[in-house]
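# Structural overview
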Amino acid sequence: MRKDFVLLKDDTERISVSTFGNSNQSGSPCIILVHGFKGFKDWGFFPYTAEYFSKQGFFVLTFNFSHNGIGSNETEFTELDLFAKNTFSREVSELEFIIQSLLSGKSGLPQKTNIILIGHSRGGAIAALTAGKFNEVSCLVLWASVCKLDRYTNRQKTEWKKDGKIDVLNTRTKQILSLNVSLLEDIEKNSSGSLNIQNSVASFHKPLLIVHGDQDVTVPVKEAYQLFDWADKSSTSICIIEGTGHTFHVQHPFEGLNDKFERVLEKTNNFIKKNLN
C-alpha cells in the first residue's frame, strides 16, 4: 500500500514522501531510497523498486529532497528557484531528519530502528555521508554512486564564481537548470570534513554493497572501484553489471523490468537479507 504525504523540516524544506508496505508490521526493517542529481522519487525505477522491496517484507520510504526542483507536478521540474539554491549539506541534513523521524516515530512516520539506505548516483554519496552517523543504519547500498562531489573543472569554477551560477542541461526535458554558487561554496568549505566521501566510506564498518554498470558514461565505473578501495573489505561487496549504464537500462517513464535491472534488484535483495541484523 502506498501512502503519500509531506514532511516539514522547516519553512523552506518541504520533503515529499511516499511509503510502501505495512507500517504496522512489527520489526520490519525500513529501506530508504535516495535519488540523485536531477532525480526524484517517482522517476523511472524508484516506484517499482519500492513496490519490489515492500513485497519482500520491507517498509520502504522514497522522498524528494526539498530543493530537487519537483513541486506539485511529481514528474516535472517546476521549482527551478529552489533547485538553484540546493546544496549537498542541505541534502545530508534532510536525510538525517528523515532517519531521526523514523527512529522517533514522529512526523507521521512509524517507528523503525533497523534502517537500510539505497542511494543512486549522487544519492549514493548523500547516503554514504549519512549512514555512519546512525547506529540504526545496518546496511548501505550504492547504485552507480559518485565517489566525489567536486566534479567541476577550474575553468567552470572560475566562471561559476564570476556569474554567481552555472547552467546544466536536463537531457530528458531539455530544460536549462541553474545552480547557484552556494553549491560550489559548500563543496569548497566542507570537502575535507562533513562532505568527505572517502572518510565516510572508510569508517563505515557495516555491510556495504556497491553496484555499477560497466558502460556508465555519467559516473564512470572507476568510481565504483575507488569506493571499494576505500571501503572495509571484510564487510563490502562490489557487483559490476556488464553491458549497462548509469540507470541500468531503465528510462523515465518506466517501461518495465529488464534483465540488467532485475539483476541489480536481486543482488541487492540477497545482500540485504544475508546481512540483516
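Conventions we followed
Positions within a chain are numbered from 1, following the residues in the order the chain's sequence is written. Whole-chain, interface and lining totals are the exception, using all residues; otherwise, since this is a predicted model, local features are given only for residues with pLDDT of at least 70 and side-chain atom pairs are given and counted only at 80 or more. For side-chain calculations, the full set of non-hydrogen atoms in the structure is used, while hydrogens and water are omitted. Starting at the N terminus, helices and strands are each numbered in turn, a helix being any DSSP run of H or I of at least four residues and a strand any DSSP run of E of at least two. Under the rule applied, a polar contact is a pair of N or O atoms within 3.5 Å (in protein, one hydrogen donor and one hydrogen acceptor; residues adjacent in sequence only if both atoms are side-chain atoms). In this description, contact between two residues means that some pair of their heavy atoms is separated by no more than 4.5 Å. The pairing test for Phe, Tyr and Trp rings, Trp by its six-membered ring, is centres within 6.5 Å, and the orientation test on the planes gives stacked under 30 degrees, edge-to-face over 60, and tilted for anything in between. Throughout this description, buried means an accessible area under 20% of the type-specific maximum (1.4 Å probe, protein chains only), exposed means over 50%, and partly exposed covers the range between. A positively charged side chain is recorded as over a ring if its NZ (Lys) or CZ (Arg) lies within 6 Å of the ring centre. The angle to the ring normal must also be within 35 degrees. Two strands are said to pair when DSSP picks up at least two bridges between them. Only the contacting stretch of a helix is used when fitting its axis, a line to C-alpha atoms as for every element, and angles between N-to-C directions run 0 to 180 degrees. In plain words, nonpolar cores are sets of buried Ala, Val, Leu, Ile, Met, Phe, Trp, Tyr and Cys residues tied together by side-chain atoms within 4.5 Å.

### Structural notes on the side chain of Ser66
- Of note, Ser66 is situated in the loop between strand E4 (59-63) and helix H2 (80-85).
- A polar contact is formed between the side chain of Ser66 and the side chain of Glu94, at a distance of 2.4 Å.
- In this structure, Ser66 is in contact with Thr12, Glu13, Arg14, Ile15, Glu79, Leu82, Arg90 and Glu94, ignoring residues within four places of it in sequence.

### Side note on the packing of aromatic side chains
- A full pass over the atoms with the stated rule returns 15 aromatic pairs.
- A centroid spacing of 4.8 Å and a plane angle of 80° characterise the contact between Phe63 and Phe65, whose relative ring orientation is edge-to-face.
- Ring centres 5.7 Å apart and planes at 85° place the aromatic pair Trp143 and Phe261 in the edge-to-face group. With Trp143 in strand E6 (residues 137-143) and Phe261 in helix H9 (residues 259-275), this pair connects stretches of sequence that are 118 residues apart.
- Relative accessible area serves as the criterion here: at 0%, Phe261 is assigned to the buried category.
- Cluster of aromatic residues (ring-pair linked, three or more members): Trp43, Phe45, Phe46, Trp143, Phe248 and Phe261.
- Against the face of Phe5 rests Lys3, its NZ or CZ located 5.3 Å from the ring centre.
- Across from the ring centre of Phe228, 5.3 Å away, lies the NZ or CZ of Lys233, which sits over that ring.

### Quick notes on the sheet that holds strand E10 (residues 236-241)
- Spatial ordering of the open sheet is given by E1-E2-E4-E3-E5-E6-E9-E10, a layout of 8 strands whose pairing is mixed. In this open sheet, the two edge strands, each paired with only one partner strand, are strand E1 (2-10) and E10. Shown here is a sheet whose adjacent strand axes are inclined to one another by a mean of 20°, direction ignored.
- Sheet topology note: the strand E3 (residues 30-34)/strand E5 (residues 115-120) ladder contains 5 bridges and is parallel. Bridge pairing in E5 places Leu33 opposite Ile118.
- The strands that helix H4 (residues 122-131) touches are E3, E5 and E6; relative to E5, the one it contacts most, it runs at about 150°.
- The sheet contacts of helix H8 (residues 222-230) involve E6, strand E9 (208-213) and E10, and relative to E10 the element is tilted by about 170°.

### Brief notes about the side chain of Asn258
- On the secondary structure map, Asn258 appears in the loop between E10 and H9.
- Note on Asn258: relative accessible area 15%, which makes it buried.
- A distance of 3.1 Å separates a polar atom in the side chain of Asn258 from the backbone oxygen of His249.

### Focus on the nonpolar core
- Core analysis: the largest hydrophobic core is formed by 90 residues, its most contacted members being Ile32, Phe63, Leu117 and Trp143.
- Element by element, the count of residues in this core is highest for helix H3 (residues 88-104), at 8 residues.
- Other than its neighbours up to four places away in sequence, Phe63 contacts Ile15, Ser16, Val17, Ile32, Leu33, Val34, His35, Lys41, Leu95 and Ile98.

### Here we look at the environment of Val219
- Tracing the backbone through its elements, the reader meets Val219 in the loop between E9 and H8.
- The spacing of Val219 and Thr153 is 66 residues in sequence and 16 Å in space, taken between C-alpha atoms.
- Val219 has contacts with Ser121, Ala144, Ser145, Val146, Arg151, His212 and His246, leaving out every residue within four places of it along the chain.

### Section: the environment of Ile238
- Along the chain, the position of Ile238 falls in strand E10.
- Between the alpha carbons of Ile238 and Gly108 there is a distance of 36 Å; along the sequence they are 130 residues apart.
- If we skip the residues at most four places from it in the chain, Ile238 touches Ile210, Ala224, Tyr225 and Phe228.

Remember that the coordinates give geometry; whether it matters functionally is a separate question.
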